[in-house]
Amino acid sequence: MSSSTARALANLALVKYFGKRDVTLNLPAAGSLSLTLEPLSTTTAVTFDTSLEWDCIQLDGEDAPTGFAERVIRFLDLVRTTVDTQCFARVTTQNSFPTAAGLASSAAGFAALAVAATTALGQQLTPRQLSVLARQGSGSACRSISGGISVWQAGKRADGEDSFATAIAGPDWWDLRVVIGITDAGPKSIGSTAAMEQTRRTSPFYGQWIETVNRDLVAAGEAVKSKRFEQLGAIAEHNALAMHAAALAARPAIVLWNGATVEALKRIQQLRADGIPAYFTCDAGPQPKALCLPADEDDVALTLADVPGVQSTIRCRIGGAPTLV
Ligand code: 2P0
(Lines give C-alpha, C1' and ligand atoms only; values in the text may rest on other atoms or scores of the structure.)
Protein backbone atom coordinates (compact mmCIF):
# COMPACT_ATOMS: atom_id res chain seq x y z
CA MET A 1 0.00 0.00 0.00
CA SER A 2 1.24 3.49 -0.76
CA SER A 3 -0.54 6.71 0.11
CA SER A 4 -0.22 10.43 -0.28
CA THR A 5 -2.44 13.43 0.46
CA ALA A 6 -2.19 16.77 -1.30
CA ARG A 7 -3.96 20.13 -0.93
CA ALA A 8 -4.34 22.36 -3.98
CA LEU A 9 -6.09 25.68 -4.52
CA ALA A 10 -8.66 26.78 -7.07
CA ASN A 11 -7.75 29.55 -9.45
CA LEU A 12 -9.57 32.45 -11.07
CA ALA A 13 -8.70 33.34 -14.65
CA LEU A 14 -8.48 37.06 -15.37
CA VAL A 15 -7.76 36.19 -19.02
CA LYS A 16 -9.89 33.15 -19.63
CA TYR A 17 -9.52 29.70 -21.14
CA PHE A 18 -12.63 29.18 -23.21
CA GLY A 19 -12.01 27.14 -26.36
CA LYS A 20 -9.92 24.09 -27.11
CA ARG A 21 -7.68 23.10 -30.00
CA ASP A 22 -7.77 19.49 -28.77
CA VAL A 23 -10.61 18.20 -26.58
CA THR A 24 -8.99 14.91 -25.55
CA LEU A 25 -5.78 16.48 -24.27
CA ASN A 26 -7.41 19.74 -23.07
CA LEU A 27 -5.21 21.85 -25.31
CA PRO A 28 -6.46 25.44 -25.34
CA ALA A 29 -6.94 27.59 -28.42
CA ALA A 30 -5.19 30.45 -26.57
CA GLY A 31 -3.29 31.12 -23.36
CA SER A 32 -4.79 32.29 -20.06
CA LEU A 33 -3.74 34.08 -16.87
CA SER A 34 -5.02 33.32 -13.37
CA LEU A 35 -4.81 34.13 -9.70
CA THR A 36 -4.56 31.16 -7.33
CA LEU A 37 -7.24 31.49 -4.66
CA GLU A 38 -6.57 30.90 -0.98
CA PRO A 39 -8.67 29.48 0.83
CA LEU A 40 -10.62 27.65 -1.93
CA SER A 41 -8.95 24.29 -1.57
CA THR A 42 -9.34 20.65 -2.43
CA THR A 43 -7.63 18.04 -0.29
CA THR A 44 -7.23 14.65 -1.93
CA ALA A 45 -5.88 11.43 -0.44
CA VAL A 46 -4.81 8.63 -2.78
CA THR A 47 -3.97 5.11 -1.63
CA PHE A 48 -2.82 2.51 -4.14
CA ASP A 49 -3.77 -0.84 -2.63
CA THR A 50 -3.15 -4.26 -4.24
CA SER A 51 -6.14 -5.72 -2.36
CA LEU A 52 -8.59 -3.44 -4.22
CA GLU A 53 -10.49 -4.89 -7.19
CA TRP A 54 -11.50 -1.53 -8.60
CA ASP A 55 -10.94 2.17 -7.97
CA CYS A 56 -13.03 3.61 -5.10
CA ILE A 57 -13.74 7.31 -5.44
CA GLN A 58 -15.29 9.44 -2.71
CA LEU A 59 -16.24 13.11 -2.97
CA ASP A 60 -17.10 15.20 0.08
CA GLY A 61 -17.69 12.12 2.23
CA GLU A 62 -19.91 10.15 -0.18
CA ASP A 63 -19.46 7.86 -3.16
CA ALA A 64 -18.67 10.19 -6.04
CA PRO A 65 -21.28 10.75 -8.78
CA THR A 66 -20.64 8.55 -11.84
CA GLY A 67 -19.44 11.33 -14.14
CA PHE A 68 -16.95 12.61 -11.59
CA ALA A 69 -15.72 9.08 -10.74
CA GLU A 70 -15.19 8.28 -14.43
CA ARG A 71 -13.05 11.38 -14.91
CA VAL A 72 -10.95 10.49 -11.87
CA ILE A 73 -10.52 6.88 -13.04
CA ARG A 74 -9.46 8.05 -16.54
CA PHE A 75 -6.88 10.25 -14.87
CA LEU A 76 -5.64 7.43 -12.62
CA ASP A 77 -5.30 5.27 -15.76
CA LEU A 78 -3.08 7.96 -17.25
CA VAL A 79 -0.88 8.01 -14.15
CA ARG A 80 -0.77 4.18 -14.01
CA THR A 81 0.33 3.98 -17.65
CA THR A 82 3.34 6.18 -16.98
CA VAL A 83 4.62 3.94 -14.17
CA ASP A 84 3.39 0.68 -15.69
CA THR A 85 1.23 -0.45 -12.75
CA GLN A 86 -2.31 -1.81 -12.73
CA CYS A 87 -2.87 -1.32 -9.01
CA PHE A 88 -6.25 0.20 -8.10
CA ALA A 89 -6.62 3.16 -5.77
CA ARG A 90 -8.86 4.60 -3.07
CA VAL A 91 -9.35 8.33 -3.65
CA THR A 92 -11.06 10.58 -1.12
CA THR A 93 -11.47 14.19 -2.05
CA GLN A 94 -12.86 17.07 -0.02
CA ASN A 95 -13.65 20.52 -1.34
CA SER A 96 -13.75 23.56 0.92
CA PHE A 97 -16.31 25.19 -1.44
CA PRO A 98 -19.35 24.26 -3.58
CA THR A 99 -18.44 21.59 -6.14
CA ALA A 100 -19.04 22.27 -9.84
CA ALA A 101 -20.74 25.63 -9.34
CA GLY A 102 -18.29 27.56 -11.46
CA LEU A 103 -15.78 27.90 -8.66
CA ALA A 104 -13.07 25.93 -10.46
CA SER A 105 -13.48 22.84 -8.30
CA SER A 106 -12.06 20.72 -11.11
CA ALA A 107 -8.90 22.85 -11.19
CA ALA A 108 -8.14 22.37 -7.50
CA GLY A 109 -9.32 18.77 -7.69
CA PHE A 110 -7.13 17.58 -10.55
CA ALA A 111 -4.13 19.54 -9.29
CA ALA A 112 -4.44 17.82 -5.88
CA LEU A 113 -5.05 14.45 -7.53
CA ALA A 114 -2.02 14.81 -9.83
CA VAL A 115 0.26 15.60 -6.90
CA ALA A 116 -1.17 12.95 -4.54
CA ALA A 117 -1.31 10.12 -7.12
CA THR A 118 2.19 10.63 -8.50
CA THR A 119 3.66 11.05 -5.03
CA ALA A 120 1.91 7.89 -3.81
CA LEU A 121 3.51 6.00 -6.69
CA GLY A 122 6.95 7.38 -5.83
CA GLN A 123 7.23 9.55 -8.95
CA GLN A 124 9.15 12.79 -8.68
CA LEU A 125 7.79 14.97 -11.45
CA THR A 126 9.02 18.47 -12.24
CA PRO A 127 6.46 21.30 -11.89
CA ARG A 128 6.24 21.39 -15.70
CA GLN A 129 5.51 17.65 -15.91
CA LEU A 130 2.92 17.96 -13.16
CA SER A 131 1.28 20.87 -14.96
CA VAL A 132 1.09 18.89 -18.23
CA LEU A 133 -0.37 15.93 -16.33
CA ALA A 134 -2.95 17.95 -14.35
CA ARG A 135 -4.04 19.71 -17.57
CA GLN A 136 -5.19 16.38 -18.95
CA GLY A 137 -7.58 15.98 -16.01
CA SER A 138 -9.00 19.48 -16.39
CA GLY A 139 -7.43 22.24 -18.44
CA SER A 140 -7.47 24.91 -15.76
CA ALA A 141 -5.86 22.52 -13.24
CA CYS A 142 -2.47 23.15 -14.84
CA ARG A 143 -2.62 26.71 -13.46
CA SER A 144 -3.25 25.45 -9.92
CA ILE A 145 0.03 23.50 -10.07
CA SER A 146 2.15 26.62 -10.53
CA GLY A 147 0.22 28.76 -8.01
CA GLY A 148 0.62 32.51 -7.44
CA ILE A 149 -0.21 34.44 -10.61
CA SER A 150 0.10 31.93 -13.42
CA VAL A 151 0.16 31.98 -17.19
CA TRP A 152 -0.80 28.89 -19.17
CA GLN A 153 0.83 29.00 -22.59
CA ALA A 154 -1.36 27.41 -25.24
CA GLY A 155 1.61 25.68 -26.88
CA LYS A 156 1.76 24.46 -30.45
CA ARG A 157 2.61 20.78 -30.23
CA ALA A 158 -0.01 18.16 -31.02
CA ASP A 159 1.08 16.06 -28.02
CA GLY A 160 0.59 19.02 -25.63
CA GLU A 161 4.03 18.76 -24.05
CA ASP A 162 4.49 22.52 -24.47
CA SER A 163 1.07 23.39 -23.02
CA PHE A 164 1.63 24.02 -19.31
CA ALA A 165 1.46 26.86 -16.79
CA THR A 166 4.21 28.76 -15.00
CA ALA A 167 4.00 31.35 -12.24
CA ILE A 168 4.85 34.85 -13.46
CA ALA A 169 4.59 36.02 -9.83
CA GLY A 170 4.55 34.31 -6.46
CA PRO A 171 1.71 34.69 -3.92
CA ASP A 172 3.50 37.57 -2.20
CA TRP A 173 4.25 39.65 -5.27
CA TRP A 174 1.03 41.66 -5.11
CA ASP A 175 -1.67 41.70 -2.44
CA LEU A 176 -4.83 41.45 -4.53
CA ARG A 177 -8.21 40.35 -3.26
CA VAL A 178 -11.11 38.52 -4.86
CA VAL A 179 -14.62 38.55 -3.41
CA ILE A 180 -16.96 35.87 -4.73
CA GLY A 181 -20.72 36.12 -4.50
CA ILE A 182 -22.55 32.80 -4.30
CA THR A 183 -25.83 33.14 -6.17
CA ASP A 184 -26.47 29.45 -6.80
CA ALA A 185 -24.50 26.70 -5.10
CA GLY A 186 -26.06 23.96 -7.24
CA PRO A 187 -24.43 22.25 -10.20
CA LYS A 188 -23.88 24.22 -13.39
CA SER A 189 -26.47 24.15 -16.17
CA ILE A 190 -23.83 23.14 -18.73
CA GLY A 191 -20.33 21.72 -18.27
CA SER A 192 -17.32 23.79 -19.32
CA THR A 193 -16.19 21.47 -22.08
CA ALA A 194 -19.66 21.37 -23.67
CA ALA A 195 -20.02 25.16 -23.39
CA MET A 196 -16.62 25.73 -24.99
CA GLU A 197 -17.30 23.33 -27.86
CA GLN A 198 -20.75 24.73 -28.58
CA THR A 199 -19.29 28.24 -28.64
CA ARG A 200 -16.39 27.21 -30.88
CA ARG A 201 -18.69 25.46 -33.34
CA THR A 202 -21.57 27.92 -33.52
CA SER A 203 -20.72 31.39 -32.18
CA PRO A 204 -19.99 34.00 -34.86
CA PHE A 205 -17.83 35.79 -32.25
CA TYR A 206 -15.57 32.84 -31.42
CA GLY A 207 -12.69 33.91 -33.72
CA GLN A 208 -12.76 37.45 -32.32
CA TRP A 209 -12.88 36.06 -28.79
CA ILE A 210 -9.64 34.12 -29.35
CA GLU A 211 -7.99 37.22 -30.85
CA THR A 212 -9.12 39.20 -27.80
CA VAL A 213 -7.54 36.62 -25.48
CA ASN A 214 -4.21 36.80 -27.30
CA ARG A 215 -4.12 40.59 -26.92
CA ASP A 216 -5.37 40.57 -23.32
CA LEU A 217 -2.83 37.98 -22.26
CA VAL A 218 0.10 40.19 -23.23
CA ALA A 219 -1.40 43.32 -21.66
CA ALA A 220 -2.40 41.52 -18.44
CA GLY A 221 1.09 40.04 -18.06
CA GLU A 222 2.57 43.54 -18.34
CA ALA A 223 0.05 44.92 -15.83
CA VAL A 224 1.04 42.23 -13.31
CA LYS A 225 4.76 42.87 -13.76
CA SER A 226 4.34 46.63 -13.32
CA LYS A 227 1.58 46.26 -10.67
CA ARG A 228 -0.84 48.49 -12.54
CA PHE A 229 -4.10 47.53 -10.87
CA GLU A 230 -6.59 49.55 -12.90
CA GLN A 231 -5.07 48.26 -16.12
CA LEU A 232 -5.28 44.65 -14.92
CA GLY A 233 -8.84 45.07 -13.64
CA ALA A 234 -10.06 46.70 -16.85
CA ILE A 235 -8.57 43.85 -18.91
CA ALA A 236 -10.12 41.23 -16.61
CA GLU A 237 -13.61 42.74 -16.74
CA HIS A 238 -13.50 43.19 -20.50
CA ASN A 239 -12.15 39.67 -21.02
CA ALA A 240 -14.91 38.07 -18.94
CA LEU A 241 -17.63 40.03 -20.73
CA ALA A 242 -16.15 39.11 -24.12
CA MET A 243 -16.15 35.42 -23.15
CA HIS A 244 -19.80 35.59 -22.11
CA ALA A 245 -20.66 37.56 -25.27
CA ALA A 246 -19.20 34.77 -27.41
CA ALA A 247 -21.13 32.15 -25.41
CA LEU A 248 -24.39 34.13 -25.56
CA ALA A 249 -24.10 34.24 -29.35
CA ALA A 250 -23.78 30.44 -29.63
CA ARG A 251 -26.67 28.34 -30.99
CA PRO A 252 -28.42 27.39 -28.84
CA ALA A 253 -27.43 30.35 -26.67
CA ILE A 254 -25.33 29.64 -23.59
CA VAL A 255 -26.61 31.87 -20.78
CA LEU A 256 -24.43 31.23 -17.76
CA TRP A 257 -25.69 34.13 -15.65
CA ASN A 258 -28.75 34.67 -13.51
CA GLY A 259 -30.35 37.97 -12.51
CA ALA A 260 -28.11 38.37 -9.47
CA THR A 261 -25.01 38.00 -11.64
CA VAL A 262 -26.11 40.89 -13.85
CA GLU A 263 -27.07 43.05 -10.86
CA ALA A 264 -23.66 42.34 -9.29
CA LEU A 265 -21.93 43.50 -12.48
CA LYS A 266 -23.89 46.77 -12.36
CA ARG A 267 -23.12 47.34 -8.67
CA ILE A 268 -19.42 46.77 -9.23
CA GLN A 269 -19.46 49.26 -12.09
CA GLN A 270 -21.28 51.73 -9.84
CA LEU A 271 -18.66 51.23 -7.10
CA ARG A 272 -16.06 52.20 -9.65
CA ALA A 273 -18.01 55.28 -10.65
CA ASP A 274 -18.02 56.15 -6.92
CA GLY A 275 -14.23 55.98 -6.84
CA ILE A 276 -13.54 52.45 -5.60
CA PRO A 277 -11.42 50.48 -8.06
CA ALA A 278 -13.15 47.10 -8.27
CA TYR A 279 -13.65 44.96 -11.35
CA PHE A 280 -16.15 42.25 -12.23
CA THR A 281 -15.37 38.83 -13.62
CA CYS A 282 -17.37 35.64 -13.97
CA ASP A 283 -16.64 32.11 -15.17
CA ALA A 284 -18.71 29.31 -16.64
CA GLY A 285 -21.33 29.62 -13.90
CA PRO A 286 -23.46 32.35 -12.28
CA GLN A 287 -21.19 33.45 -9.41
CA PRO A 288 -20.04 37.08 -9.72
CA LYS A 289 -16.44 37.73 -8.66
CA ALA A 290 -14.88 41.08 -7.89
CA LEU A 291 -11.20 41.91 -8.07
CA CYS A 292 -10.07 44.64 -5.70
CA LEU A 293 -7.28 45.98 -3.50
CA PRO A 294 -7.06 45.07 0.22
CA ALA A 295 -8.20 48.51 1.39
CA ASP A 296 -11.47 48.15 -0.53
CA GLU A 297 -12.23 44.52 0.27
CA ASP A 298 -14.80 45.31 3.00
CA ASP A 299 -16.72 47.76 0.78
CA VAL A 300 -16.68 45.33 -2.12
CA ALA A 301 -17.86 42.43 0.04
CA LEU A 302 -20.69 44.56 1.49
CA THR A 303 -21.71 45.65 -2.00
CA LEU A 304 -21.88 42.07 -3.30
CA ALA A 305 -23.65 40.80 -0.18
CA ASP A 306 -26.31 43.49 -0.70
CA VAL A 307 -27.24 42.22 -4.17
CA PRO A 308 -30.62 40.43 -4.04
CA GLY A 309 -29.95 36.76 -4.78
CA VAL A 310 -26.41 36.74 -3.43
CA GLN A 311 -26.60 34.13 -0.67
CA SER A 312 -23.11 34.51 0.73
CA THR A 313 -19.70 35.87 -0.10
CA ILE A 314 -16.23 34.32 0.04
CA ARG A 315 -13.11 36.45 0.36
CA CYS A 316 -9.90 35.23 -1.24
CA ARG A 317 -6.30 36.27 -1.50
CA ILE A 318 -3.55 34.90 -3.70
CA GLY A 319 -2.23 31.49 -2.69
CA GLY A 320 0.58 29.20 -3.69
CA ALA A 321 1.33 25.88 -5.33
CA PRO A 322 -0.06 22.55 -4.01
CA THR A 323 1.36 21.15 -0.78
CA LEU A 324 1.63 17.63 0.59
CA VAL A 325 -0.43 17.19 3.74
C1 2P0 B 1 -10.93 29.54 -16.91
N2 2P0 B 1 -12.96 28.19 -17.26
O3 2P0 B 1 -9.96 29.98 -17.56
C4 2P0 B 1 -12.19 29.28 -17.68
C5 2P0 B 1 -13.12 30.43 -17.69
C6 2P0 B 1 -14.35 28.47 -17.28
C7 2P0 B 1 -14.47 29.83 -17.80
O8 2P0 B 1 -11.22 26.82 -17.11
O9 2P0 B 1 -12.89 21.04 -20.03
O10 2P0 B 1 -13.08 22.94 -16.00
O11 2P0 B 1 -11.89 20.43 -17.82
O12 2P0 B 1 -10.54 21.63 -19.53
O13 2P0 B 1 -10.75 23.60 -16.79
C14 2P0 B 1 -13.26 25.85 -16.76
O15 2P0 B 1 -12.80 24.86 -17.58
O16 2P0 B 1 -12.45 22.76 -18.43
C17 2P0 B 1 -12.42 26.98 -17.06
P18 2P0 B 1 -11.91 21.38 -18.96
P19 2P0 B 1 -12.19 23.48 -17.06
O20 2P0 B 1 -10.87 29.36 -15.67
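Provided above is the structure to which this section pertains.
The present account deals with the structure reproduced in this document.

Conventions used here
Residues numbered from 1 in each chain as written. Predicted model: local features only at pLDDT ≥ 70, side-chain atom pairs only at ≥ 80, totals over all residues. Heavy atoms only, no water. Buried < 20%, exposed > 50% of the residue type's maximum accessible area, 1.4 Å probe, protein only. Helix = DSSP H or I, 4+ residues; strand = E, 2+ residues; numbered from the N terminus. Pairing = 2+ DSSP bridges. Contact = heavy atoms within 4.5 Å. Polar contact = N/O pair within 3.5 Å; in protein donor to acceptor, adjacent residues only side chain to side chain. Core = buried A, V, L, I, M, F, W, Y, C linked by side-chain atoms within 4.5 Å. Axes fitted to C-alpha atoms, helices over the stretch in contact; angles between N-to-C directions. Left-handed = near helix turned anticlockwise from the far one by under 90°. Nonpolar A, V, L, I, M, F, W, Y, C, P; charged D, E, K, R; others polar. Disulfide = S-S within 2.5 Å.

Now for the pairing of strand 12 (residues 288–292). The buried fraction of strand 12 is high, at five of five residues. Neither face of strand 12 is open: one carries Pro288, Ala290 and Cys292, the other Lys289 and Leu291, and all of them are buried. Strand direction decides the pairing type here: strand 11 (residues 278–282) and strand 12, joined by five bridges, are antiparallel. The residue bridging Tyr279 from the neighbouring strand is Leu291, located in strand 12. Between strand 11 and the antiparallel strand that follows it, strand 12, lie five residues.

A few words on the environment of Arg267. Along the chain, Arg267 falls in helix 8 (residues 259–273). Spatially, the C-alpha atom of Arg267 lies 9.4 Å from that of Val300, the residues being 33 residues apart in sequence. Filtering out sequence-adjacent residues up to four positions away, Arg267 remains in contact with Thr303, Asp306, Val307 and Pro308. Within the structure, Arg267 has its side chain in polar contact with the side chain of Glu263 (distance 2.8 Å).

The subject of this paragraph is the nonpolar core. Membership of the largest hydrophobic core comes to 52 residues, with the highest contact counts inside it found for Leu35 and Trp209. Beyond its immediate chain neighbours, meaning those up to four positions away, Trp209 contacts Lys16, Phe18, Asn239, Ala242, Met243 and Ala246. Counting residues in hydrophobic clusters, the runner-up holds 29 residues, among them Val72, Leu76, Ala114 and Ala116.

Following Glu38, the chain continues into Pro39 via a peptide bond in cis, with omega recorded as 15°. Looking at where Pro39 falls in the secondary structure, it is placed in strand 4 (residues 32–48). Of note, the amide linkage connecting Arg251 to Pro252 takes the cis form, showing an omega dihedral of -10°. Of note, Pro252 is situated in the loop between helix 7 (229–248) and helix 8.

Quick look at the packing of helix 8 against helix 9 (residues 297–305) now. Look at helix 8 against helix 9: their axes get within 10 Å of each other, and the N-to-C directions meet at 145°. For the element pair helix 8 and helix 9, the recorded crossing hand is right-handed. Listed contacts from helix 9 to Ala264, Arg267, Ile268 and Leu271 of helix 8 are Val300, Thr303 and Leu304. A breakdown of the residues in the contact of helix 8 with helix 9 according to their chemical character gives five nonpolar, one polar and one charged.

A few words on the state of the cysteines. On inspection of all chains with the given rule, the structure shows zero disulfides. The closest cysteine sulfur to the non-disulfide-bonded Cys56 is located on Cys87, 11 Å from its own sulfur. A disulfide-free cysteine, Cys142 has its sulfur positioned 19 Å from the sulfur of Cys316, the nearest such atom. Look at Cys142 and you get buried, because its relative accessible area is 0%.

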